[in-house]
Amino acid sequence: MEGIRGICALGVVITHTAFISGLVGSYDSPPTNMFAAALMSGFTVSLSPFFVLSGLLLYRPFARASLSGKPGPALGKFFTRRVFRLLPAYYLLTLVCLFVLNANSVDSVWYVLRPLVLMQNYDAVWMAGMDPTWSVPTEMQFYLVLPLLAWLMGKLGRTGATMDQRVRRMMIVPAVMLVLNFPWIIYLHWGHLGPYPKEYFWPFAQLGVFAIGMAMAVISARAQLEPDRVPALHRVVAAHPNAFWLAAAALFVVNCFSPFARIGYFDFPYSAAAVVQLTTFLLWGPAVVLPLSVPGAASKFQDAVLTNLPVRYLGRVSYGIYLWHFAVIYFWFQNGSIFGNDPVGVTAFRGRNSFLELITVVVLACVVMATISYFLVERPLQRLSDRITRPPAPTPAAGADPVATVVVPNPVTATPASQRE
């Protein structure tokens, strides 16, 4: 899980640096190398696994509780862990961007509070260095609504008399979410809102990838509760894990040469191209994640790609890499208040550096910033979160030998940290 996060974070950085370097075309600016531009276009799928993993890993304990008829996760613990996971690194970036890059633009208390209360997706005001942070409100709002979705899915599941019936009825909610994703995308890309309207960054655009992750969580929970009845999907994945990655590679190629869109350009697509792109994203995420989440499905090839130390380290600090890469680009171009100028959008610097030069600078600087963020901010606060949410140690019964007391591992907390959100 750590490894795939690292690779996907690099994919996001590649996508943006390819655009800013001018390698990829945009409207009246043609690509500098058509083949390379088409290849770089494929990396736009890189965000999909992050949302799929959120749906899978965060909903699975709720799904397990609903299917087993037991109480669900404590919401206080759930929200505490989510806040400590998502916000500290984001707040560090926000403060730097506000007062180092955008200091000249601070004209009110609301200008400062807007990103701190995660409202920048709705009251849209551009801030240099915070371009990719639209996904943070999207994630947080998913966290907030997940217990409600879990309650509804559990209520539907409890009407089933058998495990199979409960699973099928719980799938109704993610199925509706998945279907609703398509009309929303068509509405956004119909053309009447213009390119990249503020609604484009609302969380509804990610309904499908979250829903697929939640559906995978239901199947996974069912497999955990009935280990003697392996779901058909899990049997296929375990037997042919590399076939799913081969399918992901084919989908990547489709995304490189997306039908109904100009090859090698990052134009805002119209509805037909947007629907193809959405379908590719929805299929690519689970094709990549399924072999990593199904017991016994690992292959030697996937282990070689994902479990080597450099990739695992990139995965560990992947959140920081994702958050900081645009801020690093603004610093590289000396574009911001600290340099004595009002920042302008990075499109003003398209073509100033070659792709190889820009990607090298950005990746190295991002790894440094992400490392600082992880070890000085994220990890200490995650340890604090663990201490806050850790249940009190059981008190031995009177007369019991404390040395002989057996502690049964919790199946959730016993999961390796790399597999927990």
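Relevant structure appears above.
One structure accompanies this document, and this report is about it. (Residues numbered from 1 in each chain as written. Predicted model: local features only at pLDDT ≥ 70, side-chain atom pairs only at ≥ 80, totals over all residues. Heavy atoms only, no water.)

### Quick word on the side chain of Arg350
Next, step 1: Inspection of the secondary structure assignment puts Arg350 in the loop between α15 (318–332) and α16 (355–389).
Next, step 2: Although buried, Arg350 forms no salt bridge, and the nearest oppositely charged side chain, Asp28, lies 7.5 Å from it.
Next, step 3: Residues in contact with Arg350, not counting those within four places in the same chain, are Phe19, Ile20, Gly22, Val24, Gly25, Ser26 and Ser29. (Helix = DSSP H or I, 4+ residues; strand = E, 2+ residues; numbered from the N terminus. Buried < 20%, exposed > 50% of the residue type's maximum accessible area, 1.4 Å probe, protein only. Lys, Arg positive; Asp, Glu negative; His and termini not counted. Salt bridge = Lys/Arg side-chain N within 4 Å of Asp/Glu carboxyl O. Contact = heavy atoms within 4.5 Å.)

### With respect to the state of the cysteines
Simply put, disulfide is the name for a covalent bond between the sulfur atoms of two cysteines.
Next, step 1: In this structure the tally under the stated criterion is zero disulfides.
Next, step 2: Unpaired in terms of disulfides, Cys8 finds its nearest cysteine sulfur in Cys256, a separation of 14 Å.
Next, step 3: With no disulfide of its own, Cys366 lies closest to Cys97 among cysteine sulfurs, the gap being 11 Å.
Next, step 4: Cys366 gets classed as buried once you look at its relative accessible area, which sits at 1%. (Disulfide = S-S within 2.5 Å.)

### So, the pattern of salt bridges
Next, step 1: Enumeration according to the criterion identifies 10 salt bridges in this entry.
Next, step 2: Notably, a salt bridge pairs Arg222 with Glu226, separated by 3.3 Å at the nearest N-O pair.
Next, step 3: The class for Glu226 is buried, based on a relative accessible area of 17%.
Next, step 4: Across the pair Glu226 and Arg229 runs a salt bridge whose closest N-O atoms are separated by 3.2 Å.
Next, step 5: Several salt bridges share partner residues, and in doing so they unite Asp164, Arg222, Glu226 and Arg229 into one network.

### Focus: empty space enclosed by the protein
Next, step 1: Tallied over the entire structure, the rule returns two cavities of 30 Å³ or more.
Next, step 2: Volume-wise, the second largest cavity comes out at about 40 Å³.
Next, step 3: If you trace the second largest cavity, you find it lined by Leu56, Met216, Ser220, Leu233, His234, Leu290, Ser293 and Val294.
Next, step 4: Elements with a contribution of two residues or more to the lining of the second largest cavity: α9 (207–225), α10 (232–239) and α12 (271–293). (1 Å grid on protein atoms, 1.4 Å probe; cavity = no way out; pocket = protein on both sides within 12 Å on 5 of 7 lines; lining within 4 Å. Points joined across faces, edges and corners; volume = space filled by probe spheres on them.)

### Quick look at helix α4 (residues 75–101)
Next, step 1: Between its terminal C-alpha atoms α4 stretches 37 Å, which fits the 39 Å expected from 27 residues at 1.5 Å a residue.
Next, step 2: Taking the largest bend as the criterion, α4 deviates by roughly 35°, centred on Leu87, and proline Pro88 comes between one and four positions later. (Expected span 1.5 Å × (residues − 1). Bend = angle between axes of the 7 residues up to and from the residue.)

### A word on the packing of helix α7 (residues 163–170) against helix α8 (residues 172–188)
Next, step 1: For the pair α7 and α8, interaxial distance at closest approach is 4 Å and the crossing angle is 25°. Judged by the inter-axis angle, α7 sits roughly parallel to α8. Together, Arg168, Arg169 and Met170 of α7 and Ile172, Val173 and Pro174 of α8 make up the contact between the two elements.
Next, step 2: Class assignment for the residues of the contact of α7 with α8 results in four nonpolar, no polar and two charged. (Axes fitted to C-alpha atoms, helices over the stretch in contact; angles between N-to-C directions. Parallel < 35°, antiparallel > 145°, perpendicular 65-115°, else oblique. Nonpolar A, V, L, I, M, F, W, Y, C, P; charged D, E, K, R; others polar.)

### Regarding the nonpolar core
Next, step 1: One finds Tyr59 and Leu323 to be the most contacted residues of the largest nonpolar core, which totals 111 residues.
Next, step 2: Among the elements that take part in this core, helix α3 (residues 48–68) stands out by supplying 11 residues, more than any other.
Next, step 3: When sequence neighbours within four positions are dropped, the list of residues in contact with Tyr59 reads Ser54, Leu146, Ala150, Met153, Met170, Met214, Ala217 and Val218. (Core = buried A, V, L, I, M, F, W, Y, C linked by side-chain atoms within 4.5 Å.)

### Observations regarding the environment of Asp107
Next, step 1: Tracing the backbone shows Asp107 in the loop between α4 and α5 (109–116).
Next, step 2: Taking the relative accessible area as the measure of exposure, Asp107 reaches 64% and is therefore exposed.
Next, step 3: At a separation of 3.5 Å, a polar atom in the side chain of Asp107 contacts the side chain of Ser108. (Polar contact = N/O pair within 3.5 Å; in protein donor to acceptor, adjacent residues only side chain to side chain.)

### Here's the deal with α15
Next, step 1: The terminal C-alpha atoms of α15, which comprises 15 residues, lie 20 Å apart, in line with the 21 Å expected from a rise of 1.5 Å per residue.
Next, step 2: Maximal helix bending in α15 amounts to about 45°, located at Trp324.
Next, step 3: Counting buried positions over the 15 residues of α15 gives 13, a clear majority of the element.
Next, step 4: Looking at the residues trailing α15, positive phi occurs at Gln334, about 50°.

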